[in-house]
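Overview (structure and organization)
Read off the chains here:
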Amino acid sequence: MTTLSSDIDIESKYITNVENLIPRPDIALKVLSMAHDANSSIPELAKKIEQDPNLTANMLRMANSSYFGFMREISSIKDIIIRLGFETIKLLAITGASAGLLNTPQKAYGLEARSLWNHSFACAILGSIIARYARSEENFSIYTAGLLHDIGKVLLNKPLHEATLSTTINKKFSSIIELERSMLQTDHAKVGMVLLQSWGLPDSITIPVGYHHSRDGKEAGLLNTKIITLANFLVESIGIRAAEPDKYLFQIDDFLEQNQNLPEVPNFQDNMETIIDEFYNKFNDAAVLI
Ligand SMILES: [Fe+2]
Ligand SMILES: [Fe+2]
């Protein structure tokens, strides 16, 4: 039987080399935690962002896109702060930092470059719409959890690839989680959670990441977790894996028929059609970002 502490040791093993897998994680993660810290100051946040040219470029591109709706020439981080305000710079910083963490290809999962980012961004957009309907007050955390829910895949890609090469698999796995657990004794949700905890992100983000494939238990029953689980499932059902919005198709009736045991989120079922419509509009507008 495994104890809790040995479980954590397994995950820790996979997060030790994070610097080699994710470019400049020090800046991205500092930006993520500063944006979630009510006490951090905007000038400090801006200074940190400017240390990373890729992040700065990502944020400027987003700030000038129609998705964020500003349509004005924004040419520096200072411009973003002056013209767009505190909440927007936090949103842009979190989105830009996450894009930098997720845009490499993940072979073991059959994901091309940017596919994971595309899926994660879709999940963040849909999660925050569902959260608004559910009258959650943690919209910001849910958005970030959506962006980062599969970050464990970045860490497990190589070990999973190596494990599947060196093992003869004569069993059919019903899910990627089952395959990961069988090969690596852990899964991308748990490893992602331990990584984000080590970065100092709050429980409102780390718990939904850790339990987005769980259906039972206290953590799976928390509203943030239920929203991320649902958003992830819906995005998978819609088939968002690549940046081709025209090919997405979602049949609400088929979906309802086949998926009776999804988490219950307040006001979701009654507003499903409107929620999915809003999601499509936002996600299509966001296509320039992905
Ligand atoms: Fe996942
Ligand atoms: Fe996912």
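Another point: the nonpolar core. Within the largest apolar cluster, 73 residues are counted, with the highest numbers of intra-cluster contacts made by A93 and L126. Setting aside anything within four residues of it in sequence, one finds L126 in contact with A231, L234, V235 and F279.

Of all residues in the protein chain, 86% attain a pLDDT of 70 or more, and the chain-wide mean is 83. Summarising per-element confidence for the protein chain, the mean pLDDT is lowest in helix α14 (residues 252-258) (66) and highest in helix α12 (residues 203-210) (96).

This next bit is on the environment of I49. Inspection of the secondary structure puts I49 in helix α4 (residues 42-50). When the C-alpha positions of I49 and I27 are compared, they lie 7.2 Å apart, and in sequence the two are 22 residues distant.

With that settled, consider helix α7 (residues 115-133). With 19 residues, α7 should reach 27 Å at 1.5 Å per residue; the first-to-last C-alpha distance of 27 Å fits that figure. Downstream of α7 by a residue or two, R135 has a phi angle that is positive, lying close to 55°.

Turning next to helix α10 (residues 176-184). Listing the buried residues of α10 in full gives L179, E180 and M183. Burial along α10 is one-sided: seen end-on, the buried residues are contained in an arc of 100°. Where α10 is buried, its residues touch α9 (152-166) and α11 (188-198). Just downstream of α10, Q185 is the residue with a positive phi angle, here 60°.

Between α7 and helix α15 (residues 268-285), whose axes approach to 10 Å, the crossing angle comes to 140°. Between α7 and α15, the angle is such that the two are oblique. Seen from above, α7 lies across α15 with right-handed handedness. Here α7 contributes A122, I125, L126, I129, I130 and Y133 to the contact with α15, which in turn contributes F268, N271, I275, E278, F279, K282 and F283.

Direction vectors running N to C along α4 and helix α6 (residues 77-102) enclose 90°, while the axes themselves pass 11 Å from each other. Between α4 and α6, the crossing angle belongs to the class labelled roughly perpendicular. Contacts between α4 and α6 pair I42, L45, A46, I49 and E50 from the former with I77, K78, I81, F86, I89 and A93 from the latter. Its residues assigned to classes, the contact of α4 with α6 comprises 9 nonpolar, no polar and 2 charged.

All right, on to the environment of N281 then. Note that N281 resides in helix α15. Here the alpha-carbon distance between N281 and Y67, two residues 214 residues apart in the chain, equals 9.9 Å.

Mapped onto the secondary structure, S40 falls in the loop between α3 (25-35) and α4. Beyond its immediate chain neighbours, meaning those up to four positions away, S40 contacts M34 and L45.

Definitions and limits used
Residues numbered from 1 in each chain as written. Chains lettered and ligands numbered in written order. Predicted model: local features only at pLDDT ≥ 70, side-chain atom pairs only at ≥ 80, totals over all residues. Core = buried A, V, L, I, M, F, W, Y, C linked by C-beta atoms within 7 Å. Buried ≥ 20, exposed ≤ 12 C-beta atoms within 10 Å, placed from the backbone. Contact = placed C-beta atoms within 7 Å. pLDDT = per-residue confidence, 0-100. Helix = DSSP H or I, 4+ residues; strand = E, 2+ residues; numbered from the N terminus. Expected span 1.5 Å × (residues − 1). Arc of directions from axis to C-beta. Axes fitted to C-alpha atoms, helices over the stretch in contact; angles between N-to-C directions. Parallel < 35°, antiparallel > 145°, perpendicular 65-115°, else oblique. Left-handed = near helix turned anticlockwise from the far one by under 90°. Nonpolar A, V, L, I, M, F, W, Y, C, P; charged D, E, K, R; others polar.

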